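# Observations on the model geometry
Here is what each chain is made of, one letter per residue.
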Number of protein chains: 4
Amino acid sequence: MKWDHVVKNGLLVDGEKTYPGNIYIQNEKIAAITQGDLPGEAREVTDARGCHVFPGFIDIHVHSREGVLGTSPKEDFYHASMAAAIGGLTTIFDMPNINPPISNAENLKNQVKNFTPKAFVDFALWGICLGKLNMDQLEQLSSAGAIAFKFFWGYAIDTKTFQLVYNYHPSMEHLIPPLDEGEIYQVFQKVAQTGKVLAIHAENFALIQALTQEVAKSGAKDYEAFLKGRPNLAEETTIQTGISFAKEAGTKLHILHVTTKEGVGLIREARAKGYPITGETCPHYLYLCDEDFPRLGSLMKVYPPIRRREDQEMLWQGLNEGTLPVLSSDHAPHTEEEKKLDLWQAPAGITGVETMVPLMLHGVNQGKLTVNQLAKLLSEHPARIFGLYPEKGSLQVGTDADLTLVDLKLETRIKKEKLHSKTKVTPYEGMKLQGAPVQTIVRGKTVAKDGEIVGIPGGKFIHS
Amino acid sequence: MKWDHVVKNGLLVDGEKTYPGNIYIQNEKIAAITQGDLPGEAREVTDARGCHVFPGFIDIHVHSREGVLGTSPKEDFYHASMAAAIGGLTTIFDMPNINPPISNAENLKNQVKNFTPKAFVDFALWGICLGKLNMDQLEQLSSAGAIAFKFFWGYAIDTKTFQLVYNYHPSMEHLIPPLDEGEIYQVFQKVAQTGKVLAIHAENFALIQALTQEVAKSGAKDYEAFLKGRPNLAEETTIQTGISFAKEAGTKLHILHVTTKEGVGLIREARAKGYPITGETCPHYLYLCDEDFPRLGSLMKVYPPIRRREDQEMLWQGLNEGTLPVLSSDHAPHTEEEKKLDLWQAPAGITGVETMVPLMLHGVNQGKLTVNQLAKLLSEHPARIFGLYPEKGSLQVGTDADLTLVDLKLETRIKKEKLHSKTKVTPYEGMKLQGAPVQTIVRGKTVAKDGEIVGIPGGKFIHS
Amino acid sequence: MKWDHVVKNGLLVDGEKTYPGNIYIQNEKIAAITQGDLPGEAREVTDARGCHVFPGFIDIHVHSREGVLGTSPKEDFYHASMAAAIGGLTTIFDMPNINPPISNAENLKNQVKNFTPKAFVDFALWGICLGKLNMDQLEQLSSAGAIAFKFFWGYAIDTKTFQLVYNYHPSMEHLIPPLDEGEIYQVFQKVAQTGKVLAIHAENFALIQALTQEVAKSGAKDYEAFLKGRPNLAEETTIQTGISFAKEAGTKLHILHVTTKEGVGLIREARAKGYPITGETCPHYLYLCDEDFPRLGSLMKVYPPIRRREDQEMLWQGLNEGTLPVLSSDHAPHTEEEKKLDLWQAPAGITGVETMVPLMLHGVNQGKLTVNQLAKLLSEHPARIFGLYPEKGSLQVGTDADLTLVDLKLETRIKKEKLHSKTKVTPYEGMKLQGAPVQTIVRGKTVAKDGEIVGIPGGKFIHS
Amino acid sequence: MKWDHVVKNGLLVDGEKTYPGNIYIQNEKIAAITQGDLPGEAREVTDARGCHVFPGFIDIHVHSREGVLGTSPKEDFYHASMAAAIGGLTTIFDMPNINPPISNAENLKNQVKNFTPKAFVDFALWGICLGKLNMDQLEQLSSAGAIAFKFFWGYAIDTKTFQLVYNYHPSMEHLIPPLDEGEIYQVFQKVAQTGKVLAIHAENFALIQALTQEVAKSGAKDYEAFLKGRPNLAEETTIQTGISFAKEAGTKLHILHVTTKEGVGLIREARAKGYPITGETCPHYLYLCDEDFPRLGSLMKVYPPIRRREDQEMLWQGLNEGTLPVLSSDHAPHTEEEKKLDLWQAPAGITGVETMVPLMLHGVNQGKLTVNQLAKLLSEHPARIFGLYPEKGSLQVGTDADLTLVDLKLETRIKKEKLHSKTKVTPYEGMKLQGAPVQTIVRGKTVAKDGEIVGIPGGKFIHS
Ligand SMILES: [Zn+2]
Ligand SMILES: [Zn+2]
Ligand SMILES: [Zn+2]
Ligand SMILES: [Zn+2]
Ligand SMILES: [Zn+2]
Ligand SMILES: [Zn+2]
Ligand SMILES: [Zn+2]
Ligand SMILES: [Zn+2]
C-alpha cells in the first residue's frame, strides 16, 4: 500500500461534527478516513496532533486585479493566490472586472491559461454581466466554465474597453451610463437560463450620488458625513429590487458584501419565503465599525462602507442564524500611497485574502461562532451554492483532498510586512489573534505551511 | 327658529354605525342631529325616507384636464365637477399635471380663480413634484393650499412647458429624462418637510419599456402581451422603493391606484410596521379584469393596467381589511375616437367620476362591503388622510353640511349618453346596477338631484 | 317644544371623535344633537361647558355580594350601585356567585325583583355555569335575560348551597371538586348554543395549589413567594386551554381580569386568527405592581394577583392596541378588618367601582390613553360585546340618554371615608388624581352630581 | 493488519450526504472509511454493492411489554429485539410501563440484567414518572442510566403495583387518579433538574372521557364516532400545556406519537421561539387514515387514534420541514384475538418494530422523503436528542460500528407469518413495498441478514 499523504491525529471538522481521525490520500483524493493507523508507506506524513482539520477553505470573492491585458501595481494573481494559500484557503474565485473583463468565453479561456501557472491554490472565475453589451455571450461563458455571474449594479461601462467606471457623469466620453432596471431585469432573466448564480454589488448609485453631493455642499468631511452620503437605504433598496427580480425571473441571487441590518432583514425574509437568495459578509464588516475611523482613517474605506455597531451586530447574527451562509474576503488591495489619501480621495477596498481565516478563528475563540459553523461558512456552503460540493467543501472519501489545518491555540499578530500580497496594507496592523491556519493542502499536496509557501504553483481551474 | 335646510327621516351612516335621524342645517353647517322633529321654519326640506345619508363622498383623484392655459377636448373642470355632483360627490381633488402644471404657488392661485366659478362641488388642488425643477417651490405651494403632492414616477418632463411625457426616449428634445432615484429621494425629503402627503403613480418605467420592447419584438398583440410588458413586478418594485424612501425620510406616502396583489401585500406589511403608508384602488380594478378585454377592448386600457382575477380579489380584500383605506375614480377621460384605437395605440385612462358611487353601492348590495366601510373609504378616510376631518368626511354637528343621499334599492343602467363629462365614454355601458346617489348636498345646498344638476356652481376651494 | 333635559356646551366624545355639541333628551332617549340652541322649554338644563360628555360608562364586572338569601357585611347592591353612580357609571353587570347563585331563570328573576328598587344605575345580571349541576338550565337562564355566562374555572362547588369554594381539599364535605376539562368543554359547547358570551376566571387551580404548598414548605412569606405560588404560568395555561375550547366549540369567550404579559400575547394571537376572543383588565393591574406591596400590604391582595412591572406595561399596551377591548373594576369589597390580615390570611379582592373612572381619567391626563380610547373601553366595546349597542355605549340620536360628564381638569384626592360602598377600603388612599366624573345621567335623569347622589333609585334591568 | 469486518462498495448515507465508500471495523468501532481498498485480512467481509449503508437505525419507542415480574402473551423482549434486528434497527429504547415499572434505579438495574441476555440489538431503558410516588427516585434513576423519562398524562396508577390504568373511574380501588396539573408541573421541574428529556403521551383524558360518554349515549359506533370521542382538541390542549410547562421549567420536552395538524402547528411555533421541544410520529399515522377503517377494523385501533387525511398530510410536512425530528414505531402488540374485537372493545396498539424501516424506505421510493432525511429521522436525531451522538447515529471513524444496509430496489410483501414478534398481527398485511433492510450490523457484528437472525443475542445496555 502506498499513500501519497497521510494527515494523522487531527480533529476533523465539518459543518455538523468534530471527531478525531486520520486522512489517507491517494491521487489527490481522500482515500480513507480512519481512527487507527493503516499499514503502507506514505510519501508525506503530516502529524496534525493538536490541530483542527477543515475541508479546505474557499474564498469566493477575490479581486486579484490581473487581466490578460495587464496586472496592476496593487495586486496580481501570483501574489493573491500565494497570500490565499498561506492564509489557509484552498480555492479562490477571481472577480471578472479586470482588463479585459471576463465577459465572454474567449476571455475566460485566456484567463485560465494566464492564471494556471501562477496558481498556488485552485481557482474559479466569475463571468461579468454588462447588459446588452454581452447578453448573448452569457450562455457560452457559462458553458466555458464561469463559476457564476457578477453584475456591478450602478456602474457605468466604457464601451471601448468594457471597463467599469464608478461615479458616472453624463459628460464622460465613451461611457454607457449605469444600466436601467429594465436592462438589469433582462440580465436576471438571462442568467436564470444558465442555471448559475447571479451575484450583485448592491448599492443604489443614483441615491448615493445625490446624497453625497448634498453632503459635499454641507462641507462636512468626517466619517459620519461619508455614511450619510452612502446610507443603509442605498443597500436596502437595491437588495429588495434584486430579490423581487430574482423571485420573478427564477434567478439564484447572491448578495455580495452585505453590510446593513436592513440587508440582513430582507435576506432573512426572502429565504423564509423559500426564494433562492444567499448572502455573504466580510471580516472587515464584522471586526470594524464607524467607531474605528479615528484610529484607521482611509485604511478602512471600502464600498459598501463599514457601518455602525448595530449593523455589525446584526451581521454576526445573520451569520449565526444562517441568513448569510457565506463569508468572503472581498480582497481588493490598493497601494499604501493610495490608502494614505484622505477619506474622500482614497480608493475603496481592503486587502483581506490572507487575514480572513485568522480573524475568523479568533472569532471562534471569542465564542462568536463554532468550528462547525466556520466549516459551513467557508467550505460547505460556498461549495454547495456554486455547485462544487462534495468535491470541494466536504471531508469525504472519494473527493478532493483539500484540507486546511488550523491551530486554534496559536497566537499571532498581524504585521503588514508579513503579508504576501503585492501591496502590504491592512487595517488590522498589530492586531493580536488567537488561532491560525498552519498548513494548507490542495488536492493532497501541501502548498503552505507555518506561514510560508511550500513548493511551486499547482492550482487548477475548477468549475461546476 | 329658521333652518336653511332639513334632511328628515334618513338612515344616517358613518364609518361606525347606521341609525335613523334628522339633520338640521344652518349657515352651511350641521346644526342639529335629532330623532324627532324640531320646531321652526325651514327654507328647504328634504324627505330622506328610504335613503341612506352619508357624509358627502370625496374623490381624491380626478383629472379634469383643465389648466389656465387651456382645456382639453377630453374634459374640462365645469363638466368634471358637474359629473361629480350628479355622481354623488361633494368634494373632488384635481390632479396637477395640466397646463401649466400646479408646480408653484402662483399657478395654484390662478387655478383657484379659474376653477371657482365652474365648481359644482368643493375642490382641492394637488401640487406637482418635478424634482429640481420646482423643489424650492414646494414649501410655498404647500402654504398656498396644495392639498398634497403628486410625483409621477417614471415620467419625463418637457423643460419648456413642464408637461409630463411618457415613453421617454433620449432622442426627444427639450426633455429631462425620468428623475433618478437620488432626485426622487430628495423629493420625498422635501415633501416630508411640508407635512403633507406625497402620492405616487407607481410603475417602474425602465422595466416596462424593456419588457414592452421584448413583447413588441415577439409580435404578440393581445392583452396577455400587454400585461407581460407591464407586469405586476413593475408596480411591486416601485411601491417597495417608495415605502423604503418614505420610512427613511418620514414622508406620508399615498400609493395611487394599486392594482396588484403584490402591492396590497407590501402596503399591508408597511402599515403593520407602523409606517405612514396609505393606498387606494379604483372601481375599474375592482369590477374589471383581463377576462373582460375581448368584450371591451381599449375602453379598459388604463395605466397601471387592469390585471388578473387573483389581483382583483386581493384588492377587494385590501379594501375590506383596511390595507387600502381609500377609493378613488382616477377619472381620466379620452374621446370616443381615441378609445376606439387598438390596444397599443389608444391612450390610457377611463372616465369614472360619475360612475364610482353607483358601482360601489352595487358592491354593497352584492355583499362586497358594508355601508359603514363605504363611508370610511369615500368620506372619513380621505378626509382624515388629507387633513380635512371632521369638517369634511363626518356626520357631526358643527361641521360642513356635505351629504350624499343614496337609495340602495334604486335600479339604474349605465348609459354613456346619460353621463355628464365632456366626453361620454365608459367601459360599463349597459351595466345594470342596484343602488344610486339621489341627492348631493354641498354645505347645505342641494346641487344635484335624481341625476340632474340643481342650480348654479357654488363650490369652494378647500385646503387643510 | 318640551325637552326633558338638555346638556349644553359640552365636548362630546365617542370612540372615534370629539366635538362640541348639545344633547336634547326626550322620553329617556337622545332626541337631538346640535351645535346651536334649539327653541323649547327644558325641564332640566345642564351646562356642560368645560366638560367632556361620554356615552355612559359601563362596568361589566361588579360583585355586589348580594343575593336573595342574604347580603354581606362587605357590600350590598344598594351601596354598590350608589358608588357606581357617583363613580360615573350608568350601567353595571352584577356577578352571579352570590346566595343563591344566578344558576337558573327563577333565581335570576328573583334577583331582578330584589335589585330593581335598590338600583341607582341600570344593571344586567351574569348567569353562572356550574357544570352538570345546571347545564340544562343555561338555555332558560339565557332567555330570562342573563347578559352572559361566567365560569369560575378551578373552584369547587358546595352541592347543597351551590356556593363556590376556593382551595378545595378532598376532605371537604358536600363539595364537588373543580370540574375536569371534559365537563368544562361541555360548558363551552352549551354556552355556544345560547349565542351569549362565556367569561372565565382563568387561573390553573391545581398548579397554584401545588406551587403554593411548595412555597409554604420553604417558609417564604413575602410577595415574591406569593407570586411564585400563583405564577403567570397559571394564567397562561388556563387562557390557552380556554381559547382552544372556544375555537373548537364556537364559543364567544371573554377573559376576565387579564394580569400577565403571556395572557395579552395569547389573546392577541387568537384575535389575529379571527377567533371571537375578548379580554379585560382592571385599574389595579394598571396602577399597582409588586413594588407597591411594602406600602400597601394585603390591601392589594387580589386573585389573580397584581404582578410585575413588565406585566403592567404589557397590559397598558394591550389596552392601547385593542387586544384588551374592555376595562372593568372587578369590584369585590372586603371589610377593613379582613384586609388588615396578613398576605396569606387576608381575603382576595379590591373595592373599585367608584374609583375606576377617576383613575382612568388620570391616565388620560398622563397620556396613557385618549378620551376616545376610554369611550371604547368603558362604553362602546362593553355594549357591543354584550349585545347592548347602540342602545347603550353610543352618543346617537334615538338611543338611551346615558351620559357621563367628566371634568378632565378637576383635581381630587381619593379618601376612603368619601367612598360610598358599604365597606370603605381602598388601596389608593390619599392618591391625587386629575380628572373626575362630575355628573351621571341615566336615561336622561341625573342620578349623581359632584360626588353626591341626586334623587332616588331608578335603575332598570337590561338585557340583550 | 487485521480487520474484524469490512463493509465494501456501499453507498454511505448520513443526514447530509451520500457517497461511495468502504467501512473498516475493528473492536466494534469504525476504524476507517475509505474509497479504495486497504490491505489486511478481514474476519468478515460484506459486499454492500447496490446497497445504501445507513448509520444504524434507532427506534426510541418500543413496548416489549416484558418486566422482571412477568412477560406478556402479547410480546416479550427476546422477540421484540429479534424483530427489531430483522427490521433494520440497531438500537431500541424500551418503554417503562411494565411490571414492575422502571420507576427507580433498582428496577432499572434488574431490567438490564433481565434484558441483556435476550438482546439482539443494543437497548436503552426509559424511566417512568409517577408523580409523587417516585418523584424522589428520578435523580437516581437518571444516574443509573435511564435514557429519558416518560410521563403517561391522563393515566391513573395502581398504588399497589404501580401499574398504569386507563379509563379511570373514582369507584376503582387502590388507584390514584390521573395526576393534576400541579403535580405534573412538578414532574416537569424534577426532570429538568436531571437534564434528561421528558416525553409525554399527550391526550386530554378528562376531555376524552366526557366526549366518549356523549358519543356512547348517542349510540353511534363507527370510526367517526370514535374520533369524535377523541378529537384533535384532546391532543392540542395537552401539547400546548406541556409546551408551556417545559418553557417555564426549562424541561427538554419530547411529544410522543403526534397525530394532528394542530400538534404539528404547536411544535413548529414552539421550536421557532427556540424552546427545546421535539416530536415524533409513527408509520401508522403516515400510511393509514380514517378512510382505511372499513378495510382494517380494529387492527388500526391505537391511542392517540389514526386521524384524517388532512392530519396525515401535515404529519408528512412536519417530518419534511424538521418540526418532527424523529420517527418511531410505538411498537405495542396485542394478540390476534384481542385485535379481532370490535372497535370499542379491542385494545389500542399496533405491532410495528419490524415494519417501520421497510415502510419508510417505501416512502423514499415514493419521493416522500430523501435517504438523508431518513438518516436524520431514524439515526442522527434520535441519537442527538437523547445524548448518544456521535457514538450512535453517525457514520464516523471512532464510533460504534452500527450499520443498517438497505436495498432500495428490493421488493417485498408484508406477511404476518413472516414477522418475528411473539404475536404476529399487522394492519399492513399483504402490502407490497419497495426497499428493505438486508443486513443489520451492531457494533461490527452482523445480527440479521436477509430477513433472518444471524447468531446469538449480543446487544448491550446503553445510556448517555
Ligand atoms: Zn462590490
Ligand atoms: Zn468585490
Ligand atoms: Zn396614475
Ligand atoms: Zn391619475
Ligand atoms: Zn375572578
Ligand atoms: Zn370577579
Ligand atoms: Zn402513548
Ligand atoms: Zn407508546
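One can find the structure itself at the top, above this paragraph.
Quantities reported herein were computed from a predicted structural model and do not represent experimental measurements.

Along chain A, the regular secondary structure elements total 14 helices and 20 strands. In terms of C-alpha radius of gyration, chain A reaches 21 Å, essentially the compact-globule figure of 23 Å for 464 residues. With respect to the three principal axes, the spread of C-alpha positions in chain A is 70 × 45 × 45 Å. Here chain A holds 464 residues, and 64% of them are scored as buried. Long-range pairs, those at least 24 residues apart, make up 74% of the contacts in chain A with a sequence separation of at least 6.

Often the size quoted for an interface is simply the accessible area lost on bringing the parts together. Residue-level contacts link 26 residues of chain D with 26 residues of chain A. Summed over both partners, the interface of chain D with chain A buries about 1,900 Å², with 58% contributed by carbon and sulfur atoms. Of all residues in chain D, the largest losses of buried area upon contact with chain A belong to D:Glu16, D:Lys17 and D:Val397, amounting jointly to 27% of the total for that side. Where chain D touches chain A, the interface holds two salt bridges.

Attention shifts here to the relation of the copies chain D and chain C. Of the transformation placing chain D onto chain C, the axial shift is 0.0 Å and the rotation is 180°, giving an RMSD of 0.1 Å. Classification of the inter-copy transformation places it as that of a two-fold axis. Counting the interface residues of chain D, we find that 100% of their copies in chain C are interface residues as well, pointing to one common contact surface.

Volume-wise, the largest cavity comes out at about 130 Å³. If you go around the largest cavity, you meet 19 residues; those closest to its centre are A:Asp14, A:Glu16, A:Lys17, D:Glu16 and D:Lys17. Across the lining of the largest cavity, the residue classes break down as five nonpolar, six polar and eight charged.

On to helix H5 (residues 205–218) of chain D. Its 14 residues place the ends of H5(D) 20 Å apart at the C-alpha level, agreeing with the 20 Å of an ideal helix rising 1.5 Å per residue. The complete set of buried residues in H5(D) reads D:Phe205, D:Ala206, D:Leu207, D:Ile208, D:Ala210, D:Leu211 and D:Val215. Where H5(D) is buried, its residues meet helix H4 (181–194) and helix H7 (232–249) of chain C together with helix H6 (223–229) and helix H7 (232–249) of chain D. Positioned one or two residues after H5(D), D:Gly219 has a phi angle of 85°, which is positive.

Further remarks concern the coordination of the zinc ion (ligand 6). All names here are of chain C. Protein-derived coordination of the zinc ion (ligand 6) comes from His61 (NE2), His63 (NE2) and Asp330 (OD), at a distance range of 2.1 to 2.2 Å. In primary sequence terms, the donor set of the zinc ion (ligand 6) follows H-x1-H-x266-D. Taken as a pair, the zinc ion (ligand 6) and the zinc ion (ligand 5) show a spacing of 3.6 Å. Of this pair, His61 sits in strand E6 (residues 57–62) while Asp330 sits in the loop between strand E16 (326–327) and helix H12 (336–340), and the two are 269 residues apart along the sequence. Comparing His61 with Asp330, the two get one shared label, buried.

Turning our attention to the coordination of the zinc ion (ligand 2). Residues and elements named next belong to chain A. Coordination of the zinc ion (ligand 2) by the protein involves His61 (NE2), His63 (NE2) and Asp330 (OD), with metal-donor separations of 2.1 to 2.2 Å. Sequence spacing of the donor residues for the zinc ion (ligand 2), all on one chain, is H-x1-H-x266-D. The distance between the zinc ion (ligand 2) and the zinc ion (ligand 1) is 3.5 Å. Since its relative accessible area comes to 0%, His61 is described here as buried.

This part takes up the sheet that holds strand E10 (residues 156–158) of chain A. On the basis of which strands lie adjacent, the open sheet formed by three strands has the order E11-E10-E12 (chain A) and antiparallel pairing. A single partner strand is all that each edge strand has here, and the edge strands are strand E11 (164–165) and strand E12 (175–176) of chain A.

Bringing the nonpolar core into the picture now. Counting 223 residues, the largest nonpolar core has C:Phe188, C:Leu374 and D:Leu374 as the members making the most contacts within it. The dominant element in this core, judged by the number of residues it contributes, is H7(C), at seven residues. Setting aside residues no more than four positions away along its own chain, D:Leu374 makes contact with D:Phe54, D:Phe57, D:Leu327, D:Met360, D:Leu361, D:Val364, D:Leu369 and D:Ser379. Formed by 219 residues, the second largest nonpolar core is a distinct cluster that contains A:Ile102, A:Ile255, A:Trp316 and B:Met356.

As a further point, take the arrangement of the chains. Taking C-alpha atoms as the reference, chain A and chain C come no closer than 20 Å and do not contact one another. At the C-alpha level, the nearest point of chain B lies 20 Å from chain D, with no contact between them.

Applying the stated rule across the entire model yields 116 salt bridges over all chains. For the salt bridge of A:Arg295 with A:Asp292, the shortest nitrogen-to-oxygen distance reads 3.1 Å. By relative accessible area, which is 57% here, A:Arg295 ends up exposed. Relative accessible area serves as the criterion here: at 15%, A:Asp292 is assigned to the buried category. Put simply, B:Arg384 and B:Glu380 hold a salt bridge, and the shortest N to O gap is 2.9 Å. Of this pair, B:Arg384 and B:Glu380 both sit in helix H14 (residues 371–385), separated by four residues, roughly a single helical turn. A relative accessible area of 7% means that B:Glu380 is categorised as buried.

Moving on, we get to the interface of chain D and chain C. Opposite the 24 residues of chain D that make contact, chain C presents 24 residues. Summed over both partners, the interface of chain D with chain C buries about 1,900 Å², with 50% contributed by carbon and sulfur atoms. When the buried area of chain D at its contact with chain C is split by residue, D:Glu181, D:Leu233 and D:Gln240 rank highest and sum to 21% of it. Our enumeration of links across chain D and chain C arrives at two salt bridges. For C:Lys247, the salt bridge identified is with D:Glu236, shortest N-O distance 2.9 Å. At the boundary of chain D with chain C, the tally comes to 11 residue pairs in polar contact (both at pLDDT 80 or more). Mapped onto the side of chain D that touches chain C, the elements with two or more residues apiece are helix H4 (181–194), H5 and H7 of chain D. For the side of chain D that touches chain C, the per-class residue count stands at seven nonpolar, eight polar and nine charged.

This part covers the environment of D:Ile453. Position of D:Ile453 relative to the elements: it lies in strand E20 (residues 452–453). Separated by 97 residues in sequence, D:Ile453 and D:Met356 place their C-alpha atoms 18 Å apart.

Attention now goes to helix H11 (residues 309–321) of chain A. Since there are 3.6 residues in each turn of an α-helix, residues three or four apart along the chain are aligned in direction. All names here are of chain A. Compared with an ideal rise of 1.5 Å per residue, which puts 13 residues at 18 Å, H11 spans 18 Å between its outermost C-alpha atoms and is within 8% of the ideal. Within H11, the full set of buried residues consists of Asp311, Gln312, Leu315, Trp316, Gly318 and Leu319. Viewed along the axis of H11, the buried residues span an arc of 155°, placing them on a single side of the element. Gly322 lies just past H11 and shows a positive phi near 95°.

Residues and elements named next belong to chain C. Sheet analysis places strand E18 (residues 432–442) next to strand E19 (residues 445–449), joined by four bridges and oriented antiparallel. Each residue of the ladder has a partner; that of Ile441, found in E19, is Thr446. With antiparallel pairing between neighbouring strands as the criterion, E18 and E19 make up a hairpin whose turn holds two residues, including Arg443 at a positive phi of roughly 40°. Bridge count for E19 against strand E20 (residues 452–453) is two bridges, and the pairing is antiparallel. If you follow Ala448 over to E20, its bridge partner there is Ile453.

Quick look at unusual backbone geometry now. The omega angle of the peptide bond from A:Asn99 to A:Pro100 is -5°, so this bond is cis rather than trans. The topology assignment puts A:Pro100 in the loop between strand E7 (89–94) and helix H2 (105–115). C:Pro390 follows C:Tyr389 through a cis peptide bond whose omega is 0°. On the secondary structure map, C:Pro390 appears in the loop between helix H14 (371–385) and strand E17 (403–413). Look at A:Arg65: it is not a glycine, yet its phi comes out positive at around 65°. In this structure, A:Arg65 sits in the loop between strand E6 (57–62) and helix H1 (77–86). The class of A:Arg65 is partly exposed, set by a relative accessible area of 21%. The backbone of D:His174 shows a phi angle near 55°, a positive value even though the residue is not glycine. Tracing the chain through its elements places D:His174 in the loop between strand E11 (164–165) and strand E12 (175–176). We classify D:His174 as partly exposed; its relative accessible area is 40%.

This brings us to the side chain of D:Asn22. Residues and elements named next belong to chain D. Here Asn22 shows up in strand E2 (residues 18–26). In this structure the side chain of Asn22 is engaged in a polar contact, spanning 3.4 Å, whose partner is the backbone oxygen of Gln35. A distance of 2.9 Å separates a polar atom in the side chain of Asn22 from the backbone oxygen of Gly36. Contact partners of Asn22, with chain neighbours within four places excluded, come to Val7, Lys8, Asn9, Ala32, Ile33, Thr34, Gln35, Gly36 and Asp37.

So, how was this worked out
- Residues numbered from 1 in each chain as written.
- Chains lettered and ligands numbered in written order.
- Predicted model: local features only at pLDDT ≥ 70, side-chain atom pairs only at ≥ 80, totals over all residues.
- Heavy atoms only, no water.
- Helix = DSSP H or I, 4+ residues; strand = E, 2+ residues; numbered from the N terminus.
- Rg over C-alpha atoms; globule rule 2.2 N^0.38 Å.
- Buried < 20%, exposed > 50% of the residue type's maximum accessible area, 1.4 Å probe, protein only.
- Contact = heavy atoms within 4.5 Å.
- Buried area = accessible area lost by both parts, 1.4 Å probe.
- Salt bridge = Lys/Arg side-chain N within 4 Å of Asp/Glu carboxyl O.
- Least-squares fit on C-alpha atoms with pLDDT ≥ 70 in both.
- 1 Å grid on protein atoms, 1.4 Å probe; cavity = no way out; pocket = protein on both sides within 12 Å on 5 of 7 lines; lining within 4 Å.
- Points joined across faces, edges and corners; volume = space filled by probe spheres on them.
- Nonpolar A, V, L, I, M, F, W, Y, C, P; charged D, E, K, R; others polar.
- Expected span 1.5 Å × (residues − 1).
- Donors = N, O, S within 2.8 Å, 3.2 Å for Na, K, Ca; no water.
- Pairing = 2+ DSSP bridges.
- Core = buried A, V, L, I, M, F, W, Y, C linked by side-chain atoms within 4.5 Å.
- Polar contact = N/O pair within 3.5 Å; in protein donor to acceptor, adjacent residues only side chain to side chain.
- Arc of directions from axis to C-beta.

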